[in-house]
Structure formats: structure tokens, C-alpha cells
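# Breakdown of the fold
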Amino acid sequence: MNKKILVVFYSRTGTTRKIAQEISNTLSCDIEEIVDLKSRAGIKGFMVGGKDAMRRNLTEIKPVERTPSDYDIVIIGTPVWASNMTPAIRTYITYNRNKFKDIAFFCTTGGTGIERTFIEMEVACDKKPIATFAVTASQVKKNIYQGFNEFIEKIKKHDR
Ligand SMILES: Cc1cc2nc3c(=O)[nH]c(=O)nc-3n(C[C@H](O)[C@H](O)[C@H](O)COP(=O)(O)O)c2cc1C
């Protein structure tokens, strides 16, 4: 496999980061963490975060280091917030949607909102993902990644 792959993710409490690192290690590919410059800490951060996600608000993110157009596949990961992607990932997609060749998505969740989140991401990218993967935060805690290998295989086998 000589495709160039980038994993891009946002994580508030580390669950999505764990999966992003697992994907990057498995595929031996680059990884970039999106940093939301708006505080999402504490109860207030939770409440405002949920509202921002629901309203499809953008936020301010730290400038990224990697250029998505340098990669054959960009794998984008987000926690589910209010059955949607996070404002940080929406902002990243909005700024970079013209620079994606092929894309894949993953999300972590309390258990709901997976399908809607992937649809919102597809609409924001204006592109269909070649693969998707979702896992609950409680499964991540137990290191159970059902469907992970199939997700990786789809990415490895994908040809333009
Ligand atoms: C603001 C906010 C909204 C959330 N909304 C949902 C939701 O609608 N459905 C759900 O199943 N989990 C929801 N969650 C739980 C997260 O999706 C879940 O804990 C996720 O794995 C956290 O990822 P992280 O540790 O990478 O930040 C929400 C969490 C936050 C902070």
C-alpha cells in the first residue's frame, strides 16, 4: 500500500484521540489533532458545545500543520455532539472541503446520533466517504472495536 493517508480528529476528553491513534498506528500514517480555541471545559463548555453543534456553528481552530490535498485519503474523526459533528470538525471541513481527494469518517458516541453525524459530515464535505466506523465511549474504555478491521481493510483496498 503506497497511498498517502492522513487521520484528522478532534477530541474533548480523549476517546476519539484513542481511536485516531489506533487508526494511525494500524495504517502507519500521519495524524493531526484539531484544537478548538473556544473553551469546551466543564458544564458550561458541555452546554455551549452541544448548542454550537446543534446550530451547526463554526468555531476558531488552531491553524493546521498538514495540507489535506497532499493526501490520497483523509480520515476525519469526531465525537458525536447533539447528534452532530463537533464545531471544530465542522470548521476544519468547511475550510478544507476543496482539498479532499477521498475521505473516510469515524465517530465516538455515547450511543446515539451516529447516522445523522455521518450524513452531516458527508453534506459538509460534499463527498461520500469510502468507509465509516463508529464506536461507543464505553466500548473504547474496554478496548472493544467492533468493525474496526473492516474499516481499515476498506481503506487499504480502496482504489480511485
Ligand atoms: C457537548 C456534548 C454533546 C454530546 N452529545 C451526544 C449525543 O447527542 N449522543 C451521544 O450518544 N453522545 C453524546 N455525547 C457523548 C460523546 O459523543 C462521547 O462521550 C464521545 O466519545 C466523547 O469523545 P471525546 O472523549 O473524544 O471527546 C456528547 C458529549 C458532549 C461533550
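Everything numeric here is computed off the predicted structure, so don't read it as measured data.

Size it by volume and the largest pocket reaches roughly 400 Å³. Forming the walls of the largest pocket are 17 residues, and the residues nearest its centre are Arg12, Phe46, Pro79, Val80 and Trp81. Contributing elements (two or more residues each) for the lining of the largest pocket: α1 (15-27), α2 (42-54) and β4 (102-109). If you tally residues by element for the lining of the largest pocket, the top one is α2, at 4 residues. Its residues assigned to classes, the lining of the largest pocket shows 6 nonpolar, 10 polar and 1 charged.

In this section: the pairing of strand β1 (residues 5-9). With respect to burial, β1 is a largely interior element, 5 of its 5 residues being buried. Alternating residues of β1 divide into Ile5, Val7 and Phe9 and Leu6 and Val8, and every residue in both groups is buried. For β1 and strand β3 (residues 73-79), the ladder comprises 5 bridges, and the chain directions are parallel. The partner of Val7 across the bridge, within β3, is Ile75. Where β1 lies against strand β2 (residues 30-33), 4 bridges are found, and the strand directions are parallel. Residue pairing across strands places Leu6 opposite Asp30, the latter belonging to β2. The parallel pair β1 and β2, bridged by α1, forms a crossover whose chirality is right-handed.

Looking now at the site of the ligand. Taken together, 19 residues are adjacent to the ligand, and Ser11, Thr13, Thr16, Val80 and Thr108 come closest. Between Thr109 and the ligand, the recorded distance is 2.8 Å, taken from a side-chain N or O atom to an oxygen atom. In the complex, the protein chains occlude 86% of the 650 Å² of accessible area that the ligand would expose alone. Spatially, the ligand is embedded in the largest pocket.

Here we take up a nonpolar patch on the surface. Among the surface-exposed residues, Ile43, Phe46 and Met47 lie close enough to one another that they form a single nonpolar patch of about 400 Å² accessible area. Locating Ile43 in the fold gives a position in helix α2. In this structure Ile43 comes out as exposed when scored by relative accessible area, which is 69%.

Scanning all chains against the criterion turns up 6 aromatic pairs. Both rings, one in Phe105 and one in Phe118, keep their centres 6.3 Å apart while their planes meet at 20°; by these two values the pair is stacked. Remark: Phe118 occurs in helix α4 (residues 114-125) and Phe105 occurs in strand β4; sequence separation between them is 13 residues. The exposure class of Phe105 is buried, given its relative accessible area of 0%. An angle of 45° between the planes, with centres 5.9 Å apart, marks the rings of Tyr145 and Phe148 as tilted. Residue classification places Tyr145 among the buried positions, given a relative accessible area of 17%.

On to the nonpolar core, then. Grouped together as the largest cluster of nonpolar side chains are 24 residues, with contacts concentrated most on Ile34, Ile76, Ile89, Tyr92, Ile93 and Phe100. Broken down by secondary-structure element, the contributors of at least two residues to this core are β1, β3, α3 (87-96), β4 and α4. Counting 22 residues, the second-largest nonpolar core is a separate cluster that includes Ile19, Leu27, Ile73 and Val135.

Conventions used here
- Along each chain, the written sequence defines residue order, and numbers are assigned to residues from 1.
- Side-chain atom pairs in this predicted model are given and counted only at pLDDT of 80 or more, local residue features only at pLDDT of at least 70, and totals for whole chains, interfaces and linings cover all residues.
- Heavy atoms throughout the structure, all of them, feed into the side-chain values; hydrogens and water do not.
- Buriedness of a pocket was judged along seven lines, with at least five required to meet protein on both sides within 12 Å; pockets are open sets of points on a 1 Å grid over the protein atoms alone, cavities are sets where a 1.4 Å probe fits but cannot get out, and lining residues have an atom within 4 Å of a point.
- Grid points are joined across faces, edges and corners, and a volume is the space filled by probe spheres set on the points.
- A helix here means a DSSP run of H or I that spans at least four residues, while a strand means a run of E at least two residues long, and both kinds are numbered starting from the N terminus.
- When residues are sorted by character, Ala, Val, Leu, Ile, Met, Phe, Trp, Tyr, Cys and Pro go into the nonpolar class, Asp, Glu, Lys and Arg into the charged class, and all the rest, Gly among them, into the polar class.
- Working definition: with a 1.4 Å probe on protein chains only, accessible area under 20% of the residue-type maximum means buried, over 50% means exposed, and in between means partly exposed.
- In this description, strands pair whenever DSSP reports at least two bridges between them.
- Here a crossover is taken to be right-handed if, once the strands point away from the viewer, the path from the first strand over the helix to the second is traced clockwise.
- Proximity is defined per residue: if any heavy atom of the residue lies within 4 Å of a molecule or strand, that residue is considered near it.
- Contacts described as polar in this section are N or O atom pairs within 3.5 Å, which, within protein, must combine one atom able to donate a hydrogen with one able to accept it, while residues neighboring in sequence count only if both atoms come from side chains.
- Computed with the Shrake-Rupley method and a 1.4 Å probe, the accessible areas treat only the protein chains shown as cover for residues.
- For a molecule to be placed in a cavity or pocket, more than half of its atoms must lie within 2 Å of the grid points of that cavity or pocket.
- Patch members must show over 30% relative accessible area and no salt bridge, and they are joined within 9 Å when carrying like charges or within 5 Å when they are nonpolar side chains of Val, Leu, Ile, Met, Phe, Trp or Tyr.
- A side-chain nitrogen of Lys or Arg and a carboxyl oxygen of Asp or Glu constitute a salt bridge if their distance falls within 4 Å.
- The aromatic pairing rule takes the rings of Phe, Tyr and Trp, using the six-membered ring of Trp, and pairs them if the centres are within 6.5 Å, calling planes under 30 degrees apart stacked, those over 60 edge-to-face and the rest tilted.
- The definition of a nonpolar core used throughout is a set of buried Ala, Val, Leu, Ile, Met, Phe, Trp, Tyr and Cys residues joined through side-chain atoms within 4.5 Å.

Geometric values such as these leave the question of function open.
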